[in-house]
Amino acid sequence: MTHGFALILLGALAPLASTLAAPPESSGPTVWTNTLGMAFVKVPAGSFWMGSAESPEALARAFPLLERQRFTLLTDEAPVHRVRIRRAFYLGQHEVTVGQFRRFIEASGYRPESEADGTGGYGYNPDYDPATTARGDAFEGRNPSYSWRNPGFAQGDDHPVVNVTWNDARALAAWLSRTEGQRYRLPTEAEWEYACRAGTRTRYPHGDAPAGLEQEANVFDQAAAPYWPRWQQHALAGSDGHAFTAPVGSYAPNAFGLHDMLGNAWEWVSDWHGDRYYARSPSTDPQGPADGNVRVRRGGSWHTWAFYARCSYRNWNSPTTRYTLVGMRLVREIGPR
Ligand SMILES: [Ca+2]
Ligand SMILES: [Ca+2]
């Protein structure tokens, strides 16, 4: 097993805290970097229209190759409703990377769920055939040979970490809060969509046309399609240059200076998923339903079709789900604890 070495490094925490810069407040720098090397961008307080009310007809015109049923399964994106985010916050400029997650593991001794429960994660295997499984899953797993360390394809330290659970994300936020004396957490679903839109009301930050995604996101494109010929027709017409994960920040940022909000890795947010939540959610700083069974993830991934890489699209999994496509980005709150 590969996790035993991490416990030895528990004593290395104290020096980290002493290297911290003075905590930034509302007048502080726009970009701030923490002890693991994560850059954070200040997202201003403000209001926005959350969700989507696009008709199945409008979506069918934009995505003519998709079955109509897919357009009628989006009722959880409606109604569009006004949401106010009362306080500015720092949001990771990028997804949490493999290198940052490794430094966390080594310094904390934390065992990610895929290793702690012994069942592993999912991974890409060119010899694996989805037709051989009941779920028809695109990836092999669970399998102990797969974890955040190995999703079945090559990842540099600057790629987004995947195969991490919602609970793993919470553990990272809790550890950073403890060691740095700041308050870290996952973004709420509302904060995430507000940050993704960055002032826009369109499907994507650049507008409504799926084709424009190739400039701003790593999604299922012509580079990825040869690996999954059965879904070739749903690939973006152009190439974004990456068949699997891309180094974070490879594409243009949105108006808030955030990279890869769409594509690369899905991102866990703090909310439980509620199918009808938008109809009754508070208009100020909504936190999601009080309870539930599944946590929301947002933004799509390197393997996601353009239709599902819209700012308003919602998907979800159990808090223990680990998958080749799912990672995270964190919030660091501004102001006193
Ligand atoms: Ca791609
Ligand atoms: Ca992402």
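Residues numbered from 1 in each chain as written. Chains lettered and ligands numbered in written order. Predicted model: local features only at pLDDT ≥ 70, side-chain atom pairs only at ≥ 80, totals over all residues.

As annotated in an unreviewed UniProt entry, the protein chain carries the name DNA recombination protein RecF and comes from Acidovorax carolinensis.

1. Here's the deal with the overall build of the protein chain
Helix and strand counts for the protein chain stand at 7 helices and 13 strands. Its C-alpha atoms give the protein chain a radius of gyration of 19 Å, near enough to 20 Å, the size a compact globule of 337 residues would have. C-alpha atoms of the protein chain, sized along the principal axes, occupy 55 × 50 × 35 Å. The buried share of the protein chain, taken over its 337 residues, is 45%. (Helix = DSSP H or I, 4+ residues; strand = E, 2+ residues; numbered from the N terminus. Rg over C-alpha atoms; globule rule 2.2 N^0.38 Å. Buried ≥ 20, exposed ≤ 12 C-beta atoms within 10 Å, placed from the backbone.)

2. Things to note about the sheet that holds strand E10 (residues 295–298)
Reading across from one edge, E11-E10-E9-E12 is the order of the 4 strands in this open sheet, with mixed pairing throughout. Looking at the sheet topology across the chains shown, the edges are occupied by strand E11 (314–317) and strand E12 (326–327). In this sheet, E11 lies alongside E10 in antiparallel orientation, the contact comprising 4 bridges. Looking at the pairing, arginine 295 lines up with asparagine 317 of E11. The strands touched by helix H7 (residues 189–197) within the sheet are strand E9 (266–272) and E10, with E9 carrying the most contacts at an inclination of about 140°. (Pairing = 2+ DSSP bridges. Contact = placed C-beta atoms within 7 Å. Axes fitted to C-alpha atoms, helices over the stretch in contact; angles between N-to-C directions.)

3. Some details on the UniProt feature "domain: Sulfatase-modifying factor enzyme-like" (unreviewed entry) in the protein chain
In the UniProt entry, the feature "domain: Sulfatase-modifying factor enzyme-like" (unreviewed entry) is given for residues 40–332. Helix makes up 16% of residues 40–332 and strand 16%. Its end C-alpha atoms lie 8 Å apart. (UniProt positions renumbered as here; feature names shortened; annotations may be inferred.)

4. Concerning the sheet that holds strand E1 (residues 31–33)
Within the open sheet, the 5 strands sit side by side as E1-E2-E5-E13-E8. Their pairing is antiparallel. For this open sheet the edge positions go to E1 and strand E8 (184–185), each flanked by a neighbour on one side alone.

5. Considerations on the environment of leucine 172
The residue leucine 172 is located in helix H6 (residues 166–180) in this model. Counting along the chain gives 62 residues from leucine 172 to tyrosine 110, while the straight-line C-alpha distance between them is 8.6 Å.

6. Quick look at unusual backbone geometry
Of note, the bond from alanine 78 into proline 79 is cis; its omega dihedral lies within 30 degrees of zero at -5°. Turning to its location among the elements, proline 79 is positioned in the loop between helix H3 (56–62) and strand E4 (81–85). Residue arginine 142 is reached from glycine 141 by a cis peptide bond, and omega for that bond is -10°. On the secondary structure map, arginine 142 appears in strand E7 (residues 140–143). Even without being glycine, aspartate 260 reaches a positive phi, approximately 60°. For aspartate 260, a count of 30 C-beta atoms within 10 Å puts it in the buried group. The backbone of asparagine 264 sits at a positive phi, close to 70°, despite the residue not being glycine. Looking at the element boundaries, asparagine 264 is found in the loop between H7 and E9.

7. Comments concerning helix H4 (residues 98–108)
Within the span of H4, buried status applies to Val98, Gln100, Phe101, Phe104, Ile105 and Ser108. Angularly, the buried residues of H4 cover 165° about the axis, an arc narrow enough to put them on a single face. (Arc of directions from axis to C-beta.)

8. Here's the deal with the pairing of strand E5 (residues 89–92)
Residues Phe89 and Leu91 of E5 are buried on one face, and the alternating residues Tyr90 and Gly92, pointing to the opposite face, are buried as well. Pairing of strand E2 (residues 39–43) with E5 involves 4 bridges; the strand directions are antiparallel. Across the sheet, valine 41 pairs through a bridge with leucine 91, a residue of E5. The pairing of E5 with strand E13 (residues 331–333) spans 3 bridges and is antiparallel. Looking at the pairing, leucine 91 lines up with valine 331 of E13.

9. So, H6
In this model H6 runs 21 Å from its N-terminal to its C-terminal C-alpha over 15 residues, within 8% of the 21 Å that 1.5 Å per residue would give. Every buried residue of H6 is listed here: Trp166, Asp168, Ala169, Leu172, Ala173, Leu176 and Thr179. Looking at the residues trailing H6, positive phi occurs at glycine 181, about 70°. (Expected span 1.5 Å × (residues − 1).)

10. Things to note about the environment of glutamate 77
Of note, glutamate 77 is situated in the loop between H3 and E4. Between the C-alpha atom of glutamate 77 and that of glycine 51, which follows or precedes it by 26 residues, the distance is 4.8 Å. Residue contacts for glutamate 77: discarding those within four places in its chain leaves Gly51, Ser52, Ser312, Tyr313 and Arg314.

11. Things to note about the confidence of the model for the protein chain
With 91% of its residues at a pLDDT of 70 or more, the protein chain has an overall mean of 91. Segment residues 1–25: pLDDT under 50, and 28 contacts once partners within four positions in sequence are set aside and those in other chains are kept. (pLDDT = per-residue confidence, 0-100.)

12. A short note on the environment of proline 151
Here proline 151 lies in the loop between E7 and H6. We classify proline 151 as buried; it has 26 C-beta atoms within 10 Å. Residues proline 151 and phenylalanine 307, 156 residues apart in the sequence, show an inter-C-alpha distance of 24 Å. Apart from the residues within four sequence positions on either side, proline 151 is in contact with Gly123, Tyr124, Tyr146, Val162, Asn163 and Thr324.

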